[in-house]
Amino acid sequence: MKTRLLTTLLFSAMLLLTNRWLSYQEGIDILKAADTHSYMTIAQAAPALPNLPPEALLPTNHTARFIVPYLTGAVAHFTGIRHEWVFLLATLLFCAVVIWACHQMFEELRLDTTAYTLSMALLIFNPYMFRYYLAVPAMVNDVVFVAGLSLTLLGLLRGRFPLVLVGALTALAGRQNALVFLPAVALWMFWGEKWRTGGIVPALTRFGIVAVSVVGVYLVIGRIIAPFSVRGMESDAILGLLRWVLAPSAGKTKVLAEYGLRTVICLLFPLFIMLAILLERRLSGLSLKAALMLLPREFWFALAFVASLYGFAFLGGPELFMSGVTRYVSHTLPAMILVFGFMLKSYSSFGETKSATMMISALCAMGSFHHMTTFGGTTSDRAMYFAVIYCILAIFAGMVAFVSLHRYDD
């Protein structure tokens, strides 16, 4: 336990010491965090709600996330602390919640120390998970959503209904995306190992309470924000890809290829390592079907969270989401790491491969040095350079995993 705590603290310290720290205005100028204008407007109006002229109304897709900026502004108002510092404290708090919840999930899975270390490295050193929000803490709503998602997953894994409810409502306070993963919650609550008690009626009741609470709070938020909001891009976020496909234009193949890479890049490390594990199992004589049969049903439920959030991010399309889709997909990372943890546990992978774990963790750390959010950060003109290097490191991590596991089995 002490080793795991020290490992997590070490990884977190490395993240904090190498991150780039920007002011509120630098976040808008350098990282194009335009959403923060809406959040700061709400925060500066607290403890009242914004009273804006018609030409200055805020988009509803921003104001629907008013709860945390409002509370942040209220704290700043009553304590005299600058808004930027309160946003930073809130961001650090919710980042810590994400790490704590994932730590508890790894403990619930009873991962050995090497598997725990690898899973935590994949989480903390992912360049799209924490670095952006540490650099631009006024974007705290995204981290609030991820924290809520992590708590929801932990509650489902432990069979704790109150934790699921709190997690889902926390996620909704961060982003409206919480509505998207409700079907995955239903799957887990109806057929999860620790939820199969009492029959269908208790299952329907539990999920009904979660769904009604989330949808009900969402509707209440809509009533609260109506006086200072104007219709945002909600329909475009759902139909953007379809509209882009149907619109006549040239060069769509190249654009779609770039969009596809942007959507998947933040998941490459766990994906390549999982592919390496499955390939090694196959070469060891286990068919793919047999290998997949070894995985618990909770593996597939966690994968449903990944699919729902990834699909929602992808549906926005390149015209609307090209610059931000990687960040949207990164919100699903706790679920992806949980999928990864189930695979490690089911196949007893990396139990005796400490050197490989250290090497892969080092590759994760190297890949975390994002070209815009680490110390010495530059402009976006190095985006393709970083993407190529990151893909190479992820592929190499998969190769290291395969070679080490194959040698261990031999």
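The following refers to the structure shown. Not measured: the values here are computed from a predicted model. (Residues numbered from 1 in each chain as written. Predicted model: local features only at pLDDT ≥ 70, side-chain atom pairs only at ≥ 80, totals over all residues. Heavy atoms only, no water.)

Below, the discussion takes up the overall build of the chain. If you tally the helices and strands in the chain, you get 22 helices and 2 strands. For the chain, the C-alpha atoms occupy an extent of roughly 70 × 55 × 55 Å along the three principal directions. Expressed as a percentage of its 410 residues, the buried residues of the chain come to 54%. Long-range contacts, defined as pairs at least 24 residues apart, comprise 80% of the intrachain contacts of the chain with a sequence gap of at least 6. Of the accessible surface of the chain, which amounts to about 18,200 Å², a share of 68% is contributed by carbon and sulfur atoms. In the chain, 29 side chains carry a positive charge and 20 a negative one; their mean positions are 5 Å apart. (Helix = DSSP H or I, 4+ residues; strand = E, 2+ residues; numbered from the N terminus. Buried < 20%, exposed > 50% of the residue type's maximum accessible area, 1.4 Å probe, protein only. Contact = heavy atoms within 4.5 Å. Areas by Shrake-Rupley, 256 points an atom, 1.4 Å probe, with all protein chains shown as cover. Lys, Arg positive; Asp, Glu negative; His and termini not counted. Charge placed at Lys NZ, Arg CZ, Asp CG, Glu CD.)

This brings us to the nonpolar core. As a rule of thumb, soluble globular proteins bury nonpolar side chains together. Leu123, Phe130, Phe181, Trp188, Phe269, Phe305 and Leu338 are the most contacted members of the largest nonpolar core, which has 123 residues in total. Contacts of Leu338, omitting those with residues within four sequence positions, involve Met105, Leu109, Leu153, Leu157, Trp188 and Ala302. Counting 7 residues, the second largest nonpolar core, distinct from the first, contains Ile42, Leu58, Ala64 and Ile221. (Core = buried A, V, L, I, M, F, W, Y, C linked by side-chain atoms within 4.5 Å.)

Turning to the packing of aromatic side chains, a few remarks are in order. By the definition in use, this model includes 18 aromatic pairs. Their ring planes at 65° and their centres at 6.4 Å tell us that Phe66 and Tyr70 sit as a pair that is edge-to-face. On the basis of relative accessibility, which here comes to 8%, the residue Phe66 falls in the buried class. Given the relative accessible area of 22%, Tyr70 is considered partly exposed. With a centroid separation of 4.8 Å and 85° between ring planes, the pair formed by Phe299 and Trp300 is classed as edge-to-face. The rings of Phe145, Phe181, Trp188, Phe301 and Phe305 are connected pair by pair, giving a single aromatic cluster. (Phe/Tyr/Trp six-rings, centres within 6.5 Å; stacked < 30°, edge-to-face > 60°.)

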